[in-house]
Amino acid sequence: MPQPDDSAHAVSQIIAQRIEALYGQPLAELEALADSPESTLLAALTGNHSALAFAERNIAFQLERLRKLTSPDREIGQFDAGHILDCARRIAEAVATRDAYAKSTGAVLGGLRRATAPDTQPPAPPVPAAPTAAASRTR
């Protein structure tokens, strides 16, 4: 599939930026880390991002194909109508796929926060509480 301009990949770029911000590393490095068995969430996020990016590339490819099939200087023949219909169907499927992956991945990312770095200093010992004065009653 040909690589379209970057505006066609806006959703996958936003998701990639959110994953990178969450983990504090570039997506390429995170994809390499996702192969380890203990990084199941990272593997799911990078896998969803890959599927989302593929759907966006498929939309761009099918849209370009549809433009060629419906070019004003081209005559539409008997078999072209089926190709045009197939192209439109594939675009609709890819858009639905993209939107589903974007929604689910965005929801997961919305529920996650980057953990703060642990303190290197040991916690201060607790301060003993001051005794409270008992209230006295006089009549």
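Look a little higher up for the structure.
All of the points below concern the structure found in this document. (Residues numbered from 1 in each chain as written. Predicted model: local features only at pLDDT ≥ 70, side-chain atom pairs only at ≥ 80, totals over all residues. Heavy atoms only, no water.)

A word on the nonpolar core
Membership of the largest hydrophobic core is limited to 12 residues, which are Ile15, Ala16, Ile19, Leu22, Leu27, Leu30, Ala34, Leu42, Leu45, Leu52, Ala102 and Leu109. When contributions to this core are tallied by element, the ones reaching two or more residues are helix H1 (10–23), helix H2 (27–33), helix H3 (40–69) and helix H4 (80–110). With four residues, the single largest contributor to this core is H1. Ignoring any residue separated from it by four or fewer positions in sequence, one finds Ile19 in contact with Leu27, Leu30, Leu45, His49 and Leu109. Leu66, Ile84, Cys87 and Ile91 belong to the second largest nonpolar core, which has five residues in total. (Core = buried A, V, L, I, M, F, W, Y, C linked by side-chain atoms within 4.5 Å. Buried < 20%, exposed > 50% of the residue type's maximum accessible area, 1.4 Å probe, protein only. Helix = DSSP H or I, 4+ residues; strand = E, 2+ residues; numbered from the N terminus. Contact = heavy atoms within 4.5 Å.)

Remarks on the pattern of salt bridges
The full count for this structure, using the stated rule, is six salt bridges. A salt bridge links Asp86 to Arg65, with the nearest nitrogen and oxygen atoms 3.8 Å apart. Taken together, the residues Asp86 in helix H4 and Arg65 in helix H3 connect sequence positions 21 residues apart. A residue is classified by how much of its surface remains accessible, and Arg65, at 26% relative accessible area, is partly exposed. Linking Asp80 and Arg74 is a salt bridge whose minimum nitrogen-to-oxygen distance equals 2.9 Å. Salt bridges sharing partners connect three or more residues here, namely Arg65, Asp86, Arg89, Arg90 and Glu93. (Salt bridge = Lys/Arg side-chain N within 4 Å of Asp/Glu carboxyl O.)

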